[in-house]
Amino acid sequence: MSAKYSFTLASEDRRRADLPRKILIAQHQTETVAHVTLRLLAFLIFWRPRLQLETNLHDDDIPFVPDLAQLDYQLRPALWVECGECSVAKLHKLAVKCHDAEIWVVKRSPADIEHLRQAMKKAELREDRYNLLALDPEMFNEVCGLVQQRNDVTLFACEFDPPKLQFDFNGLWFDAEFSVVRF
């Protein structure tokens, strides 16, 4: 592990009042602060009970570790979230091995999502199976520049219709839209 980042969380969003008080996100040797930031923002967007960061699935049939996952009561993935770089081959395997899971890919910009969508189309991945989420690139870059070892985050709103995210990060206010594409 290269570094650990601590995020003290609070919520003013009544629908997400049960956010955990604190989470730790590890930055592994090959990762950048951008990947840590993607996991944090994905955690806020997809928060639900039993959501876990980088959980070991203890399943030999699934040789991957998700950035975020929610397991059902039989300990199978119900939600699988990949942040940042993710190969088309991995997405295909996830759709086969986690056939009941809701699969999301979170990228830093709409341009990144479009590149992935084109690659998925070229590889002829099964359509109507994946959800692709693109953050606002300016907001994302600014948050990346503010990440410290210890951080304070207050979530005010996160909605999918229309897609928007409002939060305070280390004393700065962010109000940004994100986009969702179904593939």
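Owing to the predicted nature of the structure, the values given are computational and were not obtained by experimental measurement.

Q: If you had to explain the overall build of the protein to someone new, which residues and values would you point to?
A: Counting its secondary structure elements, the protein contains four helices and 11 strands. Counting only C-alpha atoms, the protein reaches 45 × 35 × 35 Å along its principal axes. For the protein, the residues scored as buried account for 50% of the 183 residues in total. Here the analysis covers contacts within the protein between residues at least 6 apart in sequence; of these, 55% occur between residues at least 24 apart. Within the protein, the 28 negative side-chain charges are centred at a point lying 4 Å from the centre of the 23 positive side-chain charges.

Q: Please provide a residue-by-residue account of the pairing of strand E7 (residues 130–134), values included.
A: Across the five residues that make up E7, a large majority, five, are buried. Here strand E6 (residues 102–107) pairs with E7 via five bridges, running parallel. Across the sheet, residue Val106 finds its bridge partner in E7, namely Leu133. In this region the chain leaves E6, passes through helix H3 (residues 110–122) and returns to the parallel neighbour E7; the handedness of that crossover is right-handed. Pairing geometry for E7 and strand E11 (residues 179–182), over four bridges, is antiparallel.

Q: I'd like to hear about the sheet that holds E11, residue by residue, with values.
A: Across the sheet, six strands lie side by side as E3-E4-E5-E6-E7-E11; this open sheet has mixed pairing. The two strands at the open ends of the sheet, each matched to only one other strand, are strand E3 (51–53) and E11. On average, each strand axis in the sheet is inclined to that of its neighbour by 20°, with strand direction left out of account. For strand E5 (residues 77–83) and E6, the ladder comprises five bridges, and the chain directions are parallel. Bridging from a neighbouring strand, Glu82 pairs with Val105 of E6.

Q: So, the pairing of strand E10 (residues 172–177): which residues are in play, and what are the values?
A: For a regular strand, side-chain orientation follows a simple rule: the groups alternate between the two sheet faces. Where strand E9 (residues 163–169) meets E10, six bridges bridge the pair, whose relative direction is antiparallel. Within the sheet, the bridge partner assigned to Gln166 lies in E10 and is Asp175. The antiparallel pairing of E9 with E10 creates a hairpin that spans two residues between the two strands, and Asn170 there sits at a positive phi of about 50°.

Q: Could you give an account of the side chain of Ser109, naming the residues involved and the relevant values?
A: Its location among the elements puts Ser109 in the loop between E6 and H3. Overall, Ser109 belongs to the buried group, its relative accessible area being 10%. Filtering out sequence-adjacent residues up to four positions away, Ser109 remains in contact with Ala134, Leu135 and Pro137.

Q: Let's hear about unusual backbone geometry: which residues, and what values?
A: The peptide bond linking Asp161 to Pro162 adopts the cis configuration, its omega dihedral lying at -10°. Looking at where Pro162 falls in the secondary structure, it is placed in the loop between strand E8 (150–160) and E9. Although it is not a glycine, Glu124 sits at a positive phi angle of roughly 60°. As for its position among the elements, Glu124 is in the loop between H3 and E7. Despite not being glycine, Asn170 shows a phi value in the positive range, around 50°. According to the relative accessible area criterion, Asn170 is partly exposed, its value standing at 25%.

Procedures and definitions
- Residues numbered from 1 in each chain as written.
- Predicted model: local features only at pLDDT ≥ 70, side-chain atom pairs only at ≥ 80, totals over all residues.
- Heavy atoms only, no water.
- Helix = DSSP H or I, 4+ residues; strand = E, 2+ residues; numbered from the N terminus.
- Buried < 20%, exposed > 50% of the residue type's maximum accessible area, 1.4 Å probe, protein only.
- Contact = heavy atoms within 4.5 Å.
- Lys, Arg positive; Asp, Glu negative; His and termini not counted.
- Charge placed at Lys NZ, Arg CZ, Asp CG, Glu CD.
- Pairing = 2+ DSSP bridges.
- Right-handed = clockwise from strand over helix to strand, strands pointing away.
- Axes fitted to C-alpha atoms, helices over the stretch in contact; angles between N-to-C directions.

On their own, these measurements won't tell you what the molecule is for.
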